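This is what each chain is made of:
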Amino acid sequence: MRFSIVAAVAACATTVSAVPTPGWKGEHRPGWKTSANPFTFTSTYSVKATPDQVIGPDGPTGGLAGATGYYELGLNSDTNTICYNITLIGFRGDYQSAALTATHIHEAAKGATGPPRIAFPNPVGDEKYANSIGCIKGPFATGIDNADGVDTGAAFQVSQIEANPAGFFADAHSSLAVPGAVRGQIA
Ligand SMILES: *[C@@H]1O[C@H](CO)[C@@H](O)[C@H](O)[C@H]1NC(C)=O
């Protein structure tokens, strides 16, 4: 019994020492202690989405009165990954969109409309608080095709947001406000 424990420890130690352990000792890892997040973001954005910013085909729609969206986004342009913590407060109706989900990043400047580039899982909860957290990595799929029949997310790189954050917005679509319940420019 004693022998086998020693053997197991020895085997384990051998295995561990064979594996590179960068940063194990003495290296400062920003964010490690506070968020337990071992991943690196090349940029982060905090977006408040409101009804008054929603634009439909004919201009401002007013969105869904009383609803607010908070989009915390962390991008890694090296791995084409986007992490999200999306919270909807006061969202009502059903999620409704022709895309795969009804919670998106679209490409368009303030006051304009444009295609979805990323479809996030819809926040889950109730009217008081609904939330969606995770990370997705390209190639992205929105379920909407461009004129060539290619998904509007397929070629999208998150580095495009970093290059021009004012050219993108986050939103969520409701059956009570199909063009959008809330919308906020990334910058
Ligand atoms: C997600 O965002 C909400 C609202 O901003 C916040 O209360 C919550 O702590 C965040 N969750 C994580 C895991 O960061």
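Residues numbered from 1 in each chain as written. Predicted model: local features only at pLDDT ≥ 70, side-chain atom pairs only at ≥ 80, totals over all residues. Heavy atoms only, no water.

1. Considerations on the pairing of strand β6 (residues 103–107)
Okay, step 1: The buried fraction of β6 is high, at 4 of 5 residues.
Okay, step 2: Bridge count between β6 and strand β10 (residues 168–174): 5 bridges; the pairing is antiparallel. Across the sheet, I105 pairs through a bridge with A170, a residue of β10. (Buried < 20%, exposed > 50% of the residue type's maximum accessible area, 1.4 Å probe, protein only. Helix = DSSP H or I, 4+ residues; strand = E, 2+ residues; numbered from the N terminus. Pairing = 2+ DSSP bridges.)

2. Points about the site of the ligand
Okay, step 1: In the neighbourhood of the ligand, the contacting residues comprise N85, T87 and I133.
Okay, step 2: A distance of 2.4 Å is found between an oxygen atom of the ligand and a side-chain nitrogen or oxygen belonging to N85.
Okay, step 3: Taken by itself the ligand offers 360 Å² of open surface, and the protein chains cover 38% of this. (Near = heavy atom within 4 Å. Polar contact = N/O pair within 3.5 Å; in protein donor to acceptor, adjacent residues only side chain to side chain. Areas by Shrake-Rupley, 256 points an atom, 1.4 Å probe, with all protein chains shown as cover.)

3. Focus: the sheet that holds strand β1 (residues 43–49)
Okay, step 1: Read across the open sheet, the 5 strands follow the order β1-β4-β5-β9-β8; overall the sheet is antiparallel. Both outer strands of the open sheet, β1 and β8 (124–125), are each paired with one neighbouring strand and no more.
Okay, step 2: The sheet contact formed by strand β5 (residues 81–89) and strand β9 (residues 130–137) spans 8 bridges and is antiparallel. Bridge pairing in β9 links I86 to S132.

4. A word on the state of the cysteines
Covalently bonding the sulfur atom of one cysteine to the sulfur atom of another cysteine gives a disulfide.
Okay, step 1: Applying the stated rule across the entire model yields 1 disulfide.
Okay, step 2: The disulfide bridge from C83 ends at C135, spanning 2.0 Å between sulfur atoms. A torsion of 100° about the S-S bond marks the disulfide between C83 and C135 as right-handed. Of this pair, C83 sits in strand β5 while C135 sits in strand β9; the two residues are 52 residues apart in sequence, bridging distant segments of the chain. (Disulfide = S-S within 2.5 Å.)

5. Section: the nonpolar core
Okay, step 1: The biggest cluster of nonpolar side chains holds 28 residues, and the ones touching the most others in it are Y71, L73, I82, I105 and I186.
Okay, step 2: Broken down by secondary-structure element, the contributors of at least two residues to this core are β1, β4 (68–76), β5, β7 (116–120), β10 and β11 (177–185).
Okay, step 3: Element by element, the count of residues in this core is highest for β5, at 4 residues.
Okay, step 4: Those residues in contact with I186 that lie beyond four places of it in its chain are Y45, V47, L73, I105, I161, P165, F168, F169 and A170. (Core = buried A, V, L, I, M, F, W, Y, C linked by side-chain atoms within 4.5 Å. Contact = heavy atoms within 4.5 Å.)

6. What to know about the confidence of the model for the protein
Okay, step 1: Put simply, the protein has an average pLDDT of 86, and 80% of its residues get 70 or more.
Okay, step 2: Ignoring residues within four places in sequence, the model shows residues 1–36, a span with pLDDT below 50, making 8 contacts including any to other chains. (pLDDT = per-residue confidence, 0-100.)

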